[in-house]
Amino acid sequence: MTVSESLDSIVRIAESVRSGGCSAEAIARETLSRVEAREPSVRAFLHVDHEGFVAAARAVDAKRARGEELGLLAGVPIAIKDALCMKGVPTTAASRILEGYKPVYDATVVARLRAADATLVGKTNLDEFAMGSSNENSAFAPVHNPWDLSRAPGGSSGGSAAAVSSRMCLGSLGSDTGGSIRQPASFCGIVGVKPTYGRVSRYGLIAFASSLDQVGPFATDVRGAARMLRVLAGHDPHDATSLDAPVDDYEAACDRPVAGLRVGIPREYFGPGLDPEVDMAVRRAISCLEQYGCTVKPVSMPHTKYAVATYYVLATAEASSNLARFDGVRFGLRKEPDHDLRSMYGATRDAGFGPEVKRRILLGTFVLSSGFYDAYYLKAQKVRTLITRDFEAAFQEVDVLCAPTAPTTAFRLGEKTHDPLAMYLSDIDTLPASLAGIPALSVPVGLSANGLPIGLQVMAPHLHEARAFAVAAACERHDALHVGAPAAFP
Ligand code: GLN
């Protein structure tokens, strides 16, 4: 098999590098030639780290030549969402306010990928500070969906999803606060996993909403995502919210039979606004799971309808606090340095933040302000508990929940930019799991008539990622649900 042919699966590449069948440097060179050919139309990257990437590949080959055993991701080209710190490499969160900023340390997830001998291609585009659902809130350039370049890749981790979907790398990291891994995975026809809150370290992730933010992998297939999560997961003393719980063998879970598993279908996810083609594809996937011996059971989660409002109160409140640190003093941009401190803060933030980020800071400051706190923030916290209880009740009766990842396929670039509310509503299916802190993934299960991917969302109880992987792998094995790579980017 040529390097190019095997460049479609994480596990295949890692195993061929580990066994000496293929050099990491050859893979890096092939990756860079793909980036050169494909990036001009997809625009997934904000920064390609040519030198660091090739040097890392050479280091992997040298390690093997010394007879040392290589890590689980040996020679696998992986891209990093630009909301994660990578030592010495420009990190902007797609915001003007961080232009010129180079972190002095690696995020824990970046360090773990390096320790597993992955090779890091560069930093991918996103919605500014991960606020958005289409990637169009990036301060730099829009990303194009590899399945149809006139469409959005989803967001906020759209660059990470598009880079994998167009096979410019085999895996990537995203962050998911309200759907930013799952929704772009669904739009781009790849696998994306939001782990349990606390399962993966957030140390070195530029914070958006700290009670919701979670880092997770994108991959071309379920097994690749499982292997990546195995490397990423685990306790980190640098993150106070990191869980100290054993990490399952997610890859082994991909081979686990699903017969006998109880699959819940939450009625509220199949309501008005759901594209009939998405509805049909998701139901077909569920019937394939039935063929494998799963039992399917309708469930009701009555507080689902409050998820969008709840999320947009809590996430903006936390963002308004987290983004206070960007004031021109410590990081990136500084405007009017010769004026007094206050006007320097104001001028820097005015020039540095884009319109969506400003909108969220205003909203968040409002819901936290005295007099409105009880009516908005406190109430939203209570509703969050009710949404969590819906899941707890459902998981008394079923083992996993299956639903659409997003109500539609990828929309056109520009289609929703004038209407923030329409954009917020595209998160309707991903927000509840985020609020409850449970693991959820998206796996491709079909294409629409116009050739756009459709994702199935599999949600599981806290720390039961393995179960979600088993279900997703079963779907992936079923011929009727096969999706593959976009025709333009084999
Ligand atoms: N689309 C959602 C938002 O705009 C979720 C973003 C995310 O998960 N980072 O907030």
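Our structure's up above, just so we're on the same page.
The structure displayed is predicted, hence computed values, not measured ones. (Residues numbered from 1 in each chain as written. Predicted model: local features only at pLDDT ≥ 70, side-chain atom pairs only at ≥ 80, totals over all residues. Heavy atoms only, no water.)

1. Here's the deal with the pairing of strand 2 (residues 77–81)
(1) Moving on: Counting buried positions along strand 2 yields five of five residues, so the element is predominantly enclosed.
(2) Moving on: Read from strand 2 through helix 5 (residues 108–115) to strand 3 (residues 119–124), the crossover connection turns out right-handed.
(3) Moving on: Relative to strand 4 (residues 171–176), strand 2 runs parallel, the two being bridged by three bridges. Looking across to strand 4, one finds that Ile-80 is bridged to Leu-173. (Buried < 20%, exposed > 50% of the residue type's maximum accessible area, 1.4 Å probe, protein only. Helix = DSSP H or I, 4+ residues; strand = E, 2+ residues; numbered from the N terminus. Right-handed = clockwise from strand over helix to strand, strands pointing away. Pairing = 2+ DSSP bridges.)

2. Here's the deal with the environment of Thr-241
(1) Moving on: Position of Thr-241 relative to the elements: it lies in the loop between helix 8 (222–232) and helix 9 (250–253).
(2) Moving on: Using a relative accessible area of 27% as the deciding quantity, one classes Thr-241 as partly exposed.
(3) Moving on: Sequence spacing of Thr-241 and Gly-198 is 43 residues, and the spatial spacing of their C-alpha atoms is 5.5 Å.
(4) Moving on: Apart from residues no more than four positions distant in its own chain, Thr-241 is found in contact with Tyr-197, Gly-198 and Arg-202.
(5) Moving on: Of note is the side chain of Thr-241, whose polar atom sits 3.1 Å from the side chain of Arg-202. (Contact = heavy atoms within 4.5 Å. Polar contact = N/O pair within 3.5 Å; in protein donor to acceptor, adjacent residues only side chain to side chain.)

3. Some points on the site of the ligand
(1) Moving on: Taken together, the neighbourhood of the ligand is formed by 15 residues, with Thr-177, Gly-178, Ser-180, Tyr-311 and Arg-360 sitting nearest.
(2) Moving on: Ser-133 is positioned such that a nitrogen or oxygen atom in its side chain is 2.8 Å from a nitrogen atom of the ligand.
(3) Moving on: Between the ligand and the protein, one listed contact pairs an oxygen atom with a side-chain N or O atom of Tyr-311 at 2.7 Å.
(4) Moving on: Considered class by class, the residues forming the shell around the ligand number five nonpolar, seven polar and three charged. (Near = heavy atom within 4 Å. Nonpolar A, V, L, I, M, F, W, Y, C, P; charged D, E, K, R; others polar.)

4. Focus: the environment of Gly-21
(1) Moving on: Tracing the sequence through the fold places Gly-21 in the loop between helix 2 (10–18) and helix 3 (24–42).
(2) Moving on: When the C-alpha positions of Gly-21 and Val-3 are compared, they lie 9.8 Å apart, and in sequence the two are 18 residues distant.

5. Remarks on the nonpolar core
(1) Moving on: Residues Leu-73, Leu-113, Phe-129, Phe-391 and Phe-469 are the most contacted members of the largest nonpolar core, which totals 154 residues.
(2) Moving on: If near-sequence neighbours (up to four positions away) are discounted, Phe-391 is found in contact with Tyr-269, Met-301, Leu-401, Pro-432, Ala-433, Ala-436, Ile-438 and Met-459.
(3) Moving on: One finds Ala-152, Phe-187, Ala-410 and Phe-411 within the second-largest nonpolar core, a separate group that totals six residues. (Core = buried A, V, L, I, M, F, W, Y, C linked by side-chain atoms within 4.5 Å.)

6. Description of helix 2
In an α-helix, one turn spans 3.6 residues; hence positions three or four apart end up facing the same way.
(1) Moving on: By the burial criterion, the buried members of helix 2 are Ile-10, Val-11, Ile-13, Ala-14, Ser-16 and Val-17.
(2) Moving on: Count one or two residues on from helix 2 and you reach Gly-20, which has phi positive near 85°.

7. Describing the sheet that holds strand 4
(1) Moving on: Strand order in this open sheet of 11 strands is 1-3-2-4-6-5-10-11-9-7-8, and the pairing throughout is mixed. Because the sheet does not close on itself, it has two edges, and the strands there are strand 1 (45–48) and strand 8 (295–299). Neighbour-to-neighbour, the strand axes of the sheet open up by a mean angle of 30°, direction not taken into account.
(2) Moving on: Two strands pair when backbone bridges link them, and strand 7 (residues 262–266) and strand 8 are joined in this way by five bridges, in the parallel orientation. Paired with Arg-262 across the bridge in strand 8 is Thr-295.
(3) Moving on: Against the sheet, helix 6 (residues 158–165) engages strand 1, strand 2, strand 3, strand 4 and strand 6 (214–219), with an angle of about 155° to strand 4.
(4) Moving on: Running over the sheet, helix 14 (residues 374–397) touches strand 7, strand 8, strand 9 (400–404) and strand 11 (453–459) and is turned about 115° from strand 9. (Axes fitted to C-alpha atoms, helices over the stretch in contact; angles between N-to-C directions.)

8. Digging into the pattern of salt bridges
Between side chains of opposite charge, a pair can form as their charged atoms come close.
(1) Moving on: Under the criterion given, the structure shown has 25 salt bridges.
(2) Moving on: With a closest N to O distance of 3.0 Å, Glu-25 and Arg-29 form a salt bridge. Taken together, the positions of Glu-25 and Arg-29, both in helix 3 and four residues apart, correspond to about one turn of that helix.
(3) Moving on: When its relative accessible area of 23% is taken as the criterion, Glu-25 is described as partly exposed.
(4) Moving on: Among the charged side chains, a salt-bridge network with shared partners connects Glu-15, Arg-18, Arg-227 and Glu-251. (Salt bridge = Lys/Arg side-chain N within 4 Å of Asp/Glu carboxyl O.)

9. Concerning the packing of aromatic side chains
(1) Moving on: In total, this model carries 14 aromatic pairs according to the counting rule given.
(2) Moving on: Each ring, one from Tyr-311 and one from Tyr-312, has its centre 4.7 Å from the other, and the planes form 80°; the classification is edge-to-face.
(3) Moving on: Residue class for Tyr-311 comes out buried when judged on its relative accessible area of 3%.
(4) Moving on: Residue classification places Tyr-312 among the buried residues on the basis of a relative accessible area of 9%.
(5) Moving on: Taking 6.3 Å as the distance between ring centres and 35° as the angle between the ring planes, the aromatic pair formed by Phe-372 and Tyr-376 counts as tilted.
(6) Moving on: The partly exposed category is assigned to Phe-372, whose relative accessible area is 35%.
(7) Moving on: When its relative accessible area of 35% is taken as the criterion, Tyr-376 is described as partly exposed. (Phe/Tyr/Trp six-rings, centres within 6.5 Å; stacked < 30°, edge-to-face > 60°.)

10. Some remarks on the packing of helix 2 against helix 8
(1) Moving on: One way to put it is that helix 2 packs onto helix 8 with a least axis distance of 7 Å and a crossing angle of 65°. Contact residues: helix 2 offers Ile-10, Val-11, Ala-14 and Glu-15, while helix 8 offers Arg-223, Gly-224, Arg-227 and Met-228.
(2) Moving on: Tallied by class, residues from the contact of helix 2 with helix 8 come to four nonpolar, one polar and three charged.

11. Here we look at the side chain of Thr-405
(1) Moving on: For Thr-405, the location among the structural elements is in the loop between strand 9 and helix 15 (420–425).
(2) Moving on: Exposure remark for Thr-405: the relative accessible area of 0% places this residue in the buried category.
(3) Moving on: At 2.9 Å, the side chain of Thr-405 and the side chain of Ser-442 are in polar contact.
(4) Moving on: The residues touching Thr-405, leaving out its near neighbours within four places in the chain, are Arg-182, Gln-183, Ser-186, Asp-429, Thr-430, Ser-442, Gly-455, Leu-456 and Gln-457.

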